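This is what each chain is made of:
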Amino acid sequence: MGDCKNEKTMRALLSVSDKDGVVEFARGLLNLGFELLSTGGTFRLLKEQGLRVEEVSAFTGSAELFGGRVKTLHPKIHGGILHKRDDANHLREARENGILSIDLLGVNLYPFQKTTMHSDDFEEIVENIDIGGPAMIRSGAKNYKSVLVVCDAADYAGVLARLEEGRDDEEFRRGLMIKAFEHTAAYDAYIANYMNGRFNGGFGARHFITGSKVLDTKYGENPHQRGALYEFGAFFSLNFKALKGEASFNNLTDINAALNLASAFGQRSAVAIIKHGNPCGFAVKNSLLESYEEALRCDSISAYGGVVAINGTLDEALAEKINESYVELIIAANVKEEALKAFEGRRRVKIFTQENSHLVRNFDRYDFRHIDGGFLLQTSDEVGEDELKNAVLKSKRGASEGELRDLAIALKIAAFTKSNNVVYVKDAAMLAVGMGMTSRIDAAKAAVRKAEEMGLDLQGCVLASEAFFPFRDSIDEAFKVGVSAVVQPGGSIRDDEVIAAANEYDMALYFTGVRHFLH
């Protein structure tokens, strides 16, 4: 059993906040000849289960102090962990100071994150900052060649098996060491971010971004790049199940865009089609089948090989309709078995589900963007539920009830579309979109040209822009194709000209005062 074989007495210290599996782990260690040390609630649990265990305070000869704040911070604990087993001077000092070896640590930390999620009581939150636990984990990790450090209950069985088979070699120990430092780093990062969020508006002197790996992608954005998916919390682990195929790096960025848009309408029957991060189709009709058919009409050419997000259940009828053309990936809240079978002959189609009644997104409080040499951090953008309701009518004519419904849809689509953009919506379906252009008038013209190519009539549609119109020319273009109502943030030095143009054409025009750039 690695270095443990060379000790007359093997000793394990177990001190865990999350006690799942610890009794079985302790029993397995006893069966392997370990002596057990423990603290507080872990000690009481093991004693109640009839296991031989010594309390740390008895082992060190020092009582737990200050309500348990000091219990393992003692030379007999950290000396027992940190001294080098192959260093004669270390061994001599250990003997002279009555320090016994601790060969295995089973430690996980006070639930700081969980506490912040259910309580705003700062005193309670501070008491759930673990001090002794991270110190022991780091000590064990530093001396990993001699100490097995186990901070994840999922590793208990594997550690016992390795010890029993004598396969706790340096490579295995090194893996546990890396995991230990990841664990304490993430723990401290969360605390620092929380404190900055509470006292510095979320923008302190340092900001930490940590995630847990979910999967490796076959490659990154291009075949010569490496890639992997990391998650905050357990979002993907809980809400992302592969039914068919493997998501690529680019698939995942498109899934993010599709999921955000399709889920932005609560439990309504929304379908979004995404290509290269931008919507090329969207509708929210009475049924998912109708929504898909209407979404596809917008730009069936770009939809080829795209990603489809379905805010509900993918059934056989919808599967058959989707099968009439080629999409690369489908993500649906739920997928019926018959629908999955409908794609058996389509080798390249990938299907994923959240196994939910409707799609859910993990709206992150902060958004960050990598730039060479660092990253930019901002609070995340979102179209507020009352944004259109609170918009200011700038034209003489107000929008009808139907136009307002379409404006609300167009506004949300615009917020999820790369700037500069304009979005045309009619009867709860996107008919045209211009995006990622260097001028807004070019975006408007590109959208109209695509609509003409697709044979779509824009007469009576509404228009949304994610930022203000700098000139009246976009309103002039909108009139030519029959736009009846427009929503935009306003804020141009030529707003008066834009308002005059809207009144000239008897358009309804609303200013929200909120820009939604997406670069």
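Residues numbered from 1 in each chain as written. Predicted model: local features only at pLDDT ≥ 70, side-chain atom pairs only at ≥ 80, totals over all residues. Heavy atoms only, no water.

A. Structural view of the overall build of the protein chain. In terms of regular secondary structure, the protein chain is built from 20 helices and 21 strands. Its C-alpha atoms give the protein chain a radius of gyration of 30 Å, more than 25% over the compact-globule value 24 Å for 519 residues. Along the first, second and third principal axes, the C-alpha atoms of the protein chain reach 95 × 55 × 45 Å. Relative to its full complement of 519 residues, the protein chain shows a buried share of 49%. Put simply, of all contacts in the protein chain between residues at least 6 apart along the chain, 56% involve residues at least 24 apart. Approximately 25,300 Å² of the protein chain is accessible, and the part contributed by carbon and sulfur atoms is 49%. (Helix = DSSP H or I, 4+ residues; strand = E, 2+ residues; numbered from the N terminus. Rg over C-alpha atoms; globule rule 2.2 N^0.38 Å. Buried < 20%, exposed > 50% of the residue type's maximum accessible area, 1.4 Å probe, protein only. Contact = heavy atoms within 4.5 Å. Areas by Shrake-Rupley, 256 points an atom, 1.4 Å probe, with all protein chains shown as cover.)

B. Representation of the side chain of Thr72 within the structure. Assignment of secondary structure puts Thr72 in the loop between α3 (56-60) and α4 (75-82). Given the relative accessible area of 4%, Thr72 is considered buried. Apart from residues lying up to four places away in sequence, Thr72 is in contact with Thr39, Val56, Ile77, His78, Gly132 and Met136.

C. Quick look at the sheet that holds strand β1 (residues 10-15). Pairing is parallel across the open sheet formed by five strands, whose spatial order is β3-β2-β1-β4-β5. The open sheet is flanked by β3 (54-55) and β5 (148-150), the only strands paired with a single partner. Judged from the three bridges that link them, strand β4 (residues 104-107) and β5 form a sheet pairing that is parallel. Within β5, the position partnered with Gly106 by the bridge is Val150. (Pairing = 2+ DSSP bridges.)

D. Helix α19 (residues 473-481), seen in detail. Every buried residue of α19 is listed here: Ser474, Ile475, Glu477, Ala478 and Val481. For α19, the angular spread of buried residues about the axis comes to 160°, placing them on one side. Among the structural elements, β17 (422-426), α18 (440-453), β19 (462-465), β20 (485-488) and α20 (495-504) are those in contact with the buried residues of α19. Where α19 terminates, the next one or two residues include Gly482, which has phi positive at roughly 95°. (Arc of directions from axis to C-beta.)

E. Structural detail: the environment of Lys19. When you line up the elements, Lys19 lands in the loop between β1 and α1 (22-31). For Lys19, a relative accessible area of 31% puts it in the partly exposed group. Measuring from C-alpha to C-alpha, the distance between Lys19 and Tyr230 comes to 26 Å, with 211 residues separating the pair along the chain. Contact partners of Lys19, with chain neighbours within four places excluded, come to Gly41, Thr42 and Leu45. From its side chain, Lys19 meets the backbone oxygen of Val16 in a polar contact 2.9 Å long. (Polar contact = N/O pair within 3.5 Å; in protein donor to acceptor, adjacent residues only side chain to side chain.)

F. Representation of a negative patch on the surface in the model. On the surface, Asp315, Glu316, Glu320, Glu337, Glu338 and Glu344 cluster together to form a negatively charged patch. Of all elements in the fold, only α15 (316-322) and α16 (337-341) reach the threshold of two or more residues within the negative patch. Its place among the elements puts Asp315 in the loop between β11 (307-314) and α15. (Patch = residues over 30% accessible without salt bridge, like charges linked within 9 Å, V, L, I, M, F, W, Y side chains within 5 Å. Salt bridge = Lys/Arg side-chain N within 4 Å of Asp/Glu carboxyl O. Lys, Arg positive; Asp, Glu negative; His and termini not counted. Charge placed at Lys NZ, Arg CZ, Asp CG, Glu CD.)

G. Expanded view of unusual backbone geometry. The omega torsion across Ser419 and Asn420 is -15°, close enough to zero to call that bond cis. Mapped onto the elements, Asn420 comes out in the loop between α17 (401-415) and β17. Notably, Ala428 is not glycine yet its phi reads approximately 65°, a positive angle. Overall, the relative accessible area of 12% leaves Ala428 in the buried class.

H. Representation of the state of the cysteines in the model. Under the criterion given, the structure shown has zero disulfides. Here Cys298 is not disulfide-linked; the sulfur of Cys280 is the nearest cysteine sulfur, at 7.1 Å. By relative accessible area, which is 2% here, Cys298 ends up buried. The thiol of Cys461 is not disulfide-bonded; the next cysteine sulfur, from Cys298, is found 11 Å away. (Disulfide = S-S within 2.5 Å.)

I. Geometry of the packing of aromatic side chains. Enumeration according to the criterion identifies twelve aromatic pairs in this entry. Relative to Phe375, the ring of Phe368 has its centre 6.3 Å away and its plane inclined at 70°; by these criteria the two rings are edge-to-face. Phe368 gets classed as partly exposed once you look at its relative accessible area, which sits at 37%. Judged by relative accessible area, which is 38%, Phe375 ranks as partly exposed. When the ring of Phe479 is compared with that of Tyr505, the centres are 4.0 Å apart and the planes differ by 10°; the resulting orientation is stacked. Here the residue Phe479 occupies a position in helix α19, and Tyr505 occupies one in the loop between α20 and β21 (508-511), the gap between them amounting to 26 residues. Tyr505 sits in the buried class, given a relative accessible area of 19%. Members of the aromatic cluster, joined through ring pairs, are Phe235, Phe236, Phe240 and Phe352. (Phe/Tyr/Trp six-rings, centres within 6.5 Å; stacked < 30°, edge-to-face > 60°.)

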